[in-house]
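Inside the fold
If you want the building blocks of each chain, they are given just below.
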Amino acid sequence: MAQDLVLKQRSELLNDLCASGLSEPLEKVMDVLLARGELSWEDYTNVSVQGRSLYTNARHLLDLVYAKGEAACQAFFVALRQIQTPEDPGPVTRTLLTQRPGLVRELQGCLDGALEALLESECFTQEDCRDILLHIHTPSQQARRLLDLVSSKGDSAANVILRYIEQKQNNLKQETTTPKELLKYQKKLRSSILAQSSFISTYGGTGHMSLDDIYTEGKLELAHDCKYQGHLGLEDIVAMTGTVNEEADTVLVSGDAGSGKSTLLQRLHLLWARGAALQQFVLLFPFSCRKLNSELDELSVQELLFRHCCWPDCEQDEIFRFILDHPHLVVIMFDSLDELKQSFSDERRLCSPTQPAPVHVLLFNLLQGSLLKGVLKLVTSRPEAVGPMLRMHLRKELFLKGFSPEGINCFIKKQHRDSLVASKVLASIQANTALFGLCHSPVLCWIVSQCHKELLGCGDGTPQTITDVYLMILQHFLQHQSPPKCSRGPSWLKDHLLGILHLGKLAFQGVESSCYIFASTDLDTCCVTDQDICAGFLTQTKDIPSHQSLRYEFLHVTMQCFFAALYIVLSNNTNRSTVAELFELKDVGFSSTCFGSCLSADQQQGLVEAPNLQITATFVCGLLSQRHRHLWLDCAPTPTVERKAQQVVRCLHKGMQKHFKSIPKPVEGEKKSMHAMPGFVWLVKCIYEMRESNIAEEALSKLDVDHLKLTYCNIGPVECTALAFVLQHLRSPAGIQLDNNSVGDVGVEQLLPCLHICKSLYLRNNNITDEGIRKLIAKGIQCDNFQKIALFNNKLTDACTQHISHLLKTKQNFLSLRLGNNCITSEGAKQLAMGLECNHSLMYLGLWGNKIGDSGAEAIASALEGSKTLVWLSLVGNGVGSIGARALSKTLKTCPSLEDLWLTENCITKEGVESLVQALQHNKGVKSVWLKNNLLSPEEVEEMTQQESRLVF
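Residues numbered from 1 in each chain as written. Predicted model: local features only at pLDDT ≥ 70, side-chain atom pairs only at ≥ 80, totals over all residues. Heavy atoms only, no water.

Describing the overall build of the chain
Along the chain, the regular secondary structure elements total 46 helices and 20 strands. Relative to its full complement of 953 residues, the chain shows a buried share of 58%. For the chain, long-range pairs separated by at least 24 residues make up 77% of all intrachain contacts whose partners lie at least 6 apart in sequence. Of the roughly 39100 Å² of accessible surface on the chain, a fraction of 50% belongs to carbon and sulfur atoms. (Helix = DSSP H or I, 4+ residues; strand = E, 2+ residues; numbered from the N terminus. Buried < 20%, exposed > 50% of the residue type's maximum accessible area, 1.4 Å probe, protein only. Contact = heavy atoms within 4.5 Å. Areas by Shrake-Rupley, 256 points an atom, 1.4 Å probe, with all protein chains shown as cover.)

Written out as structure tokens, the structure is:
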């Protein structure tokens, strides 16, 4: 039976729907089921939820199909086969349904042209077009909305859109009549890229893991200043979604070290080589910036593309001419711009593609559009390495935030085909929230998965910090290299000390000089032996130019930083000032003899940070912590280790004091606040790596602020763990603002240890769900100081309101509750009302942008009648009509403390406003009632304004 197959083949079906990393297969199947009537539109929207991971949406579809029974399951399998072998097109009235998947694919790249054709034929109005092009929808969703609207308009509109697509296809064929030599080169390029990208190379070692088997989707978001904040798939990276500068050619994907940027690009390479994605591009050229560092010759753009990617067998000039003539058919990808030795500059401009220049000059001119204008350039980098000069030339910026909790689950299961082992590893990770937070970083998740035996056998010693995780893999690799009876127990480090120092020296010198690829001569200089290489931390660099000898690189750049830190801690050959200089990198005019060589002029002026040096410093902190010093007893003189540890503590204390001294004096009447810079978060992470409360307490001893602002600081679960460890030692309660980060439910749980010191907690736009709020409220009820919370723009539903209601009933000193722009309905409002009835302290209540409607407004109004504390109430954009307005008028009459009532963007008519006017006559303390964008004519607005000046329209 088909229903049984859906259950038994669930894993295989999920893989069929999600393996590509693209949402298109899932959308296609739903399109077919919708066309056949097996899914209703409500089913469709409930499955395809913005902000949820691809795998979660696919699971919801399988659950829905299974619940609908045998017929629906049969239709699902037919749909799955159909998207692989499309049916022949039928008559025009059914073509939009039967060819829907293909039409969506065609339309999402040319929506503007399609809408223009529909406007010219008078099938669409301007209002129709605006409805289609809402920013909250991705291009593929906009295409589907267009087809739905065209279907409702009848045959004439359907004929217009089908003729437009046919004409577009014919024009494209005429425009891009591909020369035979180019097709031959494209085939060779695809073959080359396929060979390079089929196996994961970023942190796979010698295991040769198939990218198909291991690739797991990460969380991808648009930059903060973009309106669209929904879930993004791989296809959205090169689409127009989130564009802020249409004239620019460069798209930036930024993310922390280990967040999966290189793997994401590799996935795109593989999909293009297979013809599974990015097929609007005839040619794709992949580059690694760390490999470009080794190119010393001056090259032209043509030589750069062909020498470092794939050299044409013949007709090179003709192929390059095609690139110049058809730039929109070409994409160039640069991985790890932050690992380029030179920082971005636009001082030297090149316009000629045949003019030779240093590689970095070519790269910078490509990114800013002086060379190959119109060719799409996709770049990855860590965010702190991208300055404002480069951001001026970006079409858009996206952030890769690592794995979601579902992503961790999926990745671990892919790593361990034995489901029992996978379940044990996941249970162990989830039991330790600090470790679970660390696993949001794909590289750390891979390490934990590799070391699963050590993880499962470590009892209470489960890793808590990044240093713990890297020490675990160090022991794992070294003990697997040794004979079975060797290197067990405390001596495992001493037995391999020489090899660690060899690799550490190589890593240290590489970090100094921004070198991440090493020649055999570099290994010889640092005495790295074949046995050291066999330990597995170094791997041969693939795809080096044929004229160069064998090269090596560390498994991951963070692994190089870790070995550099080991060398700093264990070696007697470093300068006594090395540790101090490592923590002084942010000083203006820094020119250390030890690290100055790895900083450009801009970096030495503090314009661009050196992230790998910061990572190295963080590891040094962890390695010199009290809990790890026993490891060095037989490896380095104890006085030397103690001296370095004391240096680290002094540096952290000094760095914190420098931040505190920069806090401006508060304006009279305002609270003293500190807006933390990313450097502050780094210092906090360093302190956490040491895990010594006395250091955290001393570091914060001179911080005296009422409000600590940490907005837009790229704070995820790992940073939340560190912040909680340090901020719990604040001298007095303070407000903590974490708006516009990536805290999530896991991060919320990590913040709980410092909640007792929080007067207010701001968590706007942090991807938090009801589960995170449940845990936060349970802890918050126990904290006397906790009085305010703001949760705008998250994923809260009615399920969280019973917990918040309990908070309101329990805490009679709670002052402010702001839940704007979530998914709370009238049922949730009624739950909140139960708590509001019992609360006698709340001053501010914000529910804007929800869906409480009239019945919800009535419940809230009834609960607030007679309140003597409420000052501000916002129900903006909640579908409140005149019934709700009449209920709120009673609150206006009986609430002497109320000053502002916000009812903008609702459905209130003149009748409702009149009831508010009457109520205002009984309460002179109200300052304003905001009523913009309700259902009143200009004449009615004028009439109401004359009756009551406190109404604001």
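Here's the deal with the sheet that holds strand β11 (residues 707–709)
Ordered in space as β10-β11-β12-β13-β14-β15-β16-β17-β18-β19-β20, the 11 strands form an open sheet in which the pairing is parallel. Because the sheet does not close on itself, it has two edges, and the strands there are β10 (673–675) and β20 (951–952). Pairing between strand β17 (residues 872–874) and strand β18 (residues 900–902): 3 bridges, direction parallel. Residue pairing in the sheet places Trp872 in a bridge with Asp900 of β18. (Pairing = 2+ DSSP bridges.)

Some words on helix α18 (residues 301–308)
Note on helix geometry: an α-helix contains 3.6 residues per turn, so any two residues three or four positions apart are oriented the same way. Across the 8 residues that make up α18, a large majority, 6, are buried. Those residues of α18 that fall on the buried side of the exposure criterion are Val301, Gln302, Leu304, Leu305, Phe306 and His308.

Points about the pairing of strand β9 (residues 551–554)
The two faces of β9 match: Arg551 and Glu553 on one face and Tyr552 and Phe554 on the other face are all buried. With 2 bridges joining them, strand β7 (residues 518–519) and β9 adopt antiparallel strand pairing. Paired with Phe518 across the two strands is Tyr552, which belongs to β9. In terms of strand pairing, strand β8 (residues 538–540) meets β9 through 3 bridges, oriented antiparallel. Note on β9: the bridge partner recorded for Thr539 is Glu553.

Comments concerning the confidence of the model for the chain
Of all residues in the chain, 90% have pLDDT values of 70 or greater, and the mean over the chain is 85. The model gives residues 86–90 a pLDDT under 50, and that stretch makes 5 contacts with residues more than four places away or in other chains. Between residues 586–594, whose pLDDT stays under 50, and residues either more than four places distant or in other chains, the model counts 27 contacts. (pLDDT = per-residue confidence, 0-100.)

Focus on the pattern of salt bridges
Tallied over the full model, the rule gives 27 salt bridges. Across the pair Asp212 and Arg274 runs a salt bridge, and its minimum N-O distance is 2.3 Å. With Asp212 in helix α14 (residues 211–214) and Arg274 in helix α16 (residues 261–274), this pair connects stretches of sequence that are 62 residues apart. Measuring nitrogen to oxygen at the nearest pair gives 3.2 Å for the salt bridge that ties Arg627 to Asp468. (Salt bridge = Lys/Arg side-chain N within 4 Å of Asp/Glu carboxyl O.)

Focus: the sheet that holds β7
Strands sit in the order β7-β9-β8 across an open sheet of 3 strands; the sheet is antiparallel. The sheet is open, and its two edges are formed by β7 and β8, each paired on a single side. The strands that helix α28 (residues 497–513) touches are β7, β8 and β9; relative to β9, the one it contacts most, it runs at about 90 degrees. (Axes fitted to C-alpha atoms, helices over the stretch in contact; angles between N-to-C directions.)

Quick notes on the side chain of Glu397
Topologically, Glu397 is positioned in strand β6 (residues 394–400). You can call Glu397 buried: its relative accessible area is 9%. Here Ser254 takes part through its side chain, which lies 3.1 Å from a polar atom of the side chain of Glu397. Separated by 2.9 Å, the side chains of Glu397 and Arg391 make a polar contact. (Polar contact = N/O pair within 3.5 Å; in protein donor to acceptor, adjacent residues only side chain to side chain.)

Some remarks on the pairing of strand β2 (residues 250–254)
In terms of burial, β2 is a largely internal element, 5 of the 5 residues being buried. Burial along β2 is two-sided: Thr250, Leu252 and Ser254 and Val251 and Val253, pointing in opposite directions, are all buried. The sheet contact formed by β2 and strand β5 (residues 376–381) spans 5 bridges and is parallel. When the sheet's bridge partners are listed, Val251 is paired in β5 with Leu378. Pairing of β2 with β6, which is carried by 5 bridges, proceeds in the parallel orientation. Bridge assignment links Leu252 to a residue of β6, and that residue is Glu397.

Considering a negative patch on the surface
Residues Asp112, Glu116, Glu120, Glu246 and Glu247 make up a contiguous surface patch of negative charge. Relative to the helices and strands, Asp112 resides in helix α9 (residues 111–120). A relative accessible area of 59% means that Asp112 is categorised as exposed. (Patch = residues over 30% accessible without salt bridge, like charges linked within 9 Å, V, L, I, M, F, W, Y side chains within 5 Å. Lys, Arg positive; Asp, Glu negative; His and termini not counted. Charge placed at Lys NZ, Arg CZ, Asp CG, Glu CD.)

Considering the nonpolar core
Residues Ile237, Phe285, Leu474, Phe563 and Phe583 are the most contacted members of the largest nonpolar core, which totals 260 residues. With 11 residues, the single largest contributor to this core is helix α31 (residues 557–570). When neighbours within four sequence positions are excluded, Phe563 is seen to be in contact with Leu474, Ile500, Leu503, Gly504, Ala507, Phe537 and Phe554. In terms of nonpolar packing, the next biggest core, distinct from the first, is built from 29 residues, Ala2, Leu14, Leu54 and Cys410 among them. (Core = buried A, V, L, I, M, F, W, Y, C linked by side-chain atoms within 4.5 Å.)

Let's talk about the environment of Leu265
Note on placement: Leu265 falls in helix α16. According to the relative accessible area criterion, Leu265 is buried, its value standing at 1%. Taking the C-alpha atoms as reference, Leu265 lies 9.6 Å from Leu234; in sequence the two are 31 residues apart. If near-sequence neighbours (up to four positions away) are discounted, Leu265 is found in contact with Met333, Phe334, Asp335, Leu378 and Thr380.

Topic: the packing of aromatic side chains
A complete count under the given rule lists 21 aromatic pairs for this structure. Taking 4.9 Å as the distance between ring centres and 65 degrees as the angle between the ring planes, the aromatic pair formed by Tyr470 and Phe619 counts as edge-to-face. Here Tyr470, found in helix α27 (residues 466–481), pairs with Phe619, found in helix α34 (residues 611–623); they are 149 residues apart in sequence, far enough to count as distant. Cluster of aromatic residues (ring-pair linked, three or more members): Tyr470, Phe477, Phe518, Phe537, Phe554, Phe562, Phe563 and Phe619. Sitting over the ring of Trp272, Arg190 keeps its end group 4.3 Å from the ring centre. (Phe/Tyr/Trp six-rings, centres within 6.5 Å; stacked < 30°, edge-to-face > 60°. Lys NZ or Arg CZ within 6 Å of the ring centre and 35° of its normal.)

Brief notes about the packing of helix α44 (residues 882–894) against helix α45 (residues 910–920)
Packed helices, taken two at a time, are described by the angle their axes make and the gap between the axes. Close contact between α44 and α45 brings their axes to 8 Å; oriented N to C, the two are set at 5 degrees. The orientation of α44 with respect to α45, classified from their angle, is roughly parallel. The residues of α45 that touch α44, namely those facing Ser882, Ala885, Arg886, Leu888, Ser889, Leu892 and Lys893, are Glu911, Gly912, Ser915, Leu916, Ala919 and Leu920. Taken together, the residues of the contact of α44 with α45 sort by class into 6 nonpolar, 4 polar and 3 charged. (Parallel < 35°, antiparallel > 145°, perpendicular 65-115°, else oblique. Nonpolar A, V, L, I, M, F, W, Y, C, P; charged D, E, K, R; others polar.)

Concerning the environment of Leu920
With respect to the helices, strands and loops of the structure, Leu920 is situated in helix α45. In this structure the C-alpha to C-alpha distance between Leu920 and Leu951, which are 31 residues apart in sequence, comes to 9.5 Å. Ignoring anything within four residues of it in the chain, the contact list for Leu920 reads Leu892, Val926, Val929, Glu948, Arg950 and Leu951.

Some remarks on unusual backbone geometry
One non-glycine residue, Arg691, lies in positive phi territory at about 55 degrees. Residue position: Arg691 is located in the loop between α36 (678–690) and α37 (693–699). Look at Asn714: it is not a glycine, yet its phi comes out positive at around 55 degrees. Classification of Asn714 as partly exposed rests on a relative accessible area of 29%.

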